[in-house]
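# Observations on the three-dimensional arrangement
One-letter residues, chain by chain:
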Amino acid sequence: QLFLNRDTMPKPSVGKKKALIASKAVQQGVNTKQKKKTRTSVHFYRPKTLKLNRNPKYPRRSVMGENKMDQYRILRHPLTTESAMRKIEDQNTLVFVVDVRANKYQIKDAVNKMYKIKAQKVNTLVRPDGSKKAFVRLTPDFDALDVANTIGLV
């Protein structure tokens, strides 16, 4: 009697083994183990795709826009009415007609740049004619009367 065990059986060649695996893959297909994904929600959300940053070949604008609201545009002119003069003398306050779109911070900065003075606070009101009036209260170390003289109000 001839007993065959694993050691004595002839081994198939490597090429034949690869050919068998390939033929099996062709017959069955390679993606047979894929399971259908179970949906846990009734809502469908569009999948998030790759969003790349803009990388333009050339700038769309040749020159960047400059700030049009400079100190000369903000401060139109100082006011020289009787009530404005009284404010200069009594309350250490200068009165200007300013651009309607200027805010208090811009007015304060413009006064500082134009006349080299520090403003303590700025009050504004829009007049019935549509222009904006700014009351610029100066700090105690600046005198409004001296500043008014250098500007040419008094």
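Going along each chain's sequence as written, the residues are numbered from 1 onward. For this predicted model, a pLDDT threshold of at least 70 governs which residues receive local features, and a threshold of 80 or more governs which side-chain atom pairs are given and counted, while totals over whole chains, interfaces and linings are taken from all residues. Side-chain measures were taken over the full set of non-hydrogen atoms in the model, leaving aside hydrogen atoms and water.

## Topic: the overall build of the chain
Secondary structure is summarised from DSSP: a helix means a run of H or I of at least four residues, a strand means a run of E of at least two, and numbering begins at the N terminus for each. Scanning the chain from N- to C-terminus turns up five helices and four strands. Along the chain, helices and strands appear, N-terminal first, in the series α-α-β-α-β-α-β-β-α. Against the globule reference of 15 Å for 154 residues, the chain gives a C-alpha radius of gyration of 42 Å, more extended than a compact globule. Along the longest, intermediate and shortest principal axes, the C-alpha atoms of the chain span 135 × 35 × 35 Å. Counting every position in the chain, which comprises 154 residues, the buried fraction comes to 23%. The contacts of the chain with a sequence gap of at least 6 include a subset with a gap of at least 24, amounting to 54%. Summing over all exposed atoms, the chain offers an accessible surface of approximately 13,700 Å²; the carbon and sulfur share of this is 54%. Charge centroids of the chain, computed over 34 positive and 12 negative side chains, lie 32 Å from each other. Only the C-alpha atoms count toward the radius of gyration. The rule for a globule is 2.2 Å times the residue count to the power 0.38. Each residue gets one of three labels from its accessible area relative to the maximum for its type: buried under 20%, exposed over 50%, partly exposed in between, using a 1.4 Å probe on protein chains only. The contact definition used throughout considers only heavy atoms, calling two residues in contact when any of these lie within 4.5 Å. Values of accessible area rely on a 1.4 Å probe in the Shrake-Rupley scheme; residue burial ignores everything except the protein chains shown. Within this scheme the basic residues Lys and Arg register as positive and the acidic residues Asp and Glu register as negative, but His and the chain ends are omitted. To locate a charge, the coordinates of NZ of Lys, CZ of Arg, CG of Asp or CD of Glu are taken.

## Brief notes about the pattern of salt bridges
Definition used for salt bridges: Asp or Glu carboxyl oxygen within 4 Å of a side-chain nitrogen of Lys or Arg. Under the criterion given, the structure shown has four salt bridges. Among the ionic pairs, Asp-99 bridges to Arg-73, the shortest N-O distance being 3.5 Å. One end of the pair, Asp-99, is in the loop between β2 (93–98) and α4 (104–115); the other, Arg-73, is in helix α2 (residues 71–74), and 26 residues separate them in sequence. Residue classification places Arg-73 among the partly exposed residues on the basis of a relative accessible area of 30%. Put simply, Asp-99 and Arg-76 hold a salt bridge, and the shortest N to O gap is 2.9 Å. One end of the pair, Asp-99, is in the loop between β2 and α4; the other, Arg-76, is in strand β1 (residues 75–78), with 23 residues separating them in the sequence. Overlapping salt bridges bring together Arg-73, Arg-76, Asp-99 and Arg-101 as one network.

## Quick word on helix α3 (residues 82–91)
Taken residue by residue, α3 has Ala-84, Met-85 and Ile-88 as its buried positions. When α3 is viewed along its axis, its buried side chains cluster within an angular range of 100° and face the same direction. Along α3, exposed side chains directed more than 90 degrees from the buried face belong to Glu-82 and Asp-90. Of the residues trailing α3, Asn-92 is marked for its positive phi of about 55°. The directions considered for the arc run from the helix axis to the C-beta atoms.

## Re the confidence of the model for the chain
The pLDDT averaged across the chain works out to 89; a share of 90% of its residues lies at or above 70. pLDDT is a per-residue confidence score from the predictor, ranging from 0 to 100. Within the chain, no element has a lower average pLDDT than helix α1 (residues 14–28), which sits at 86, and none a higher one than strand β4 (residues 132–138), at 98.

## Points about the side chain of Ser-131
Its place among the elements puts Ser-131 in the loop between β3 (119–126) and β4. Distance and chemistry together define a polar contact, namely a pair of N or O atoms within 3.5 Å, with one atom able to donate a hydrogen and the other to accept it when in protein, and with adjacent residues in sequence counting only for side-chain atoms on both sides. A distance of 2.9 Å separates the side chain of Ser-131 from the side chain of Asp-129, its partner in a polar contact. Ignoring sequence-local partners within four residues, the contact set of Ser-131 consists of Val-97, Val-100, Leu-125 and Val-126.

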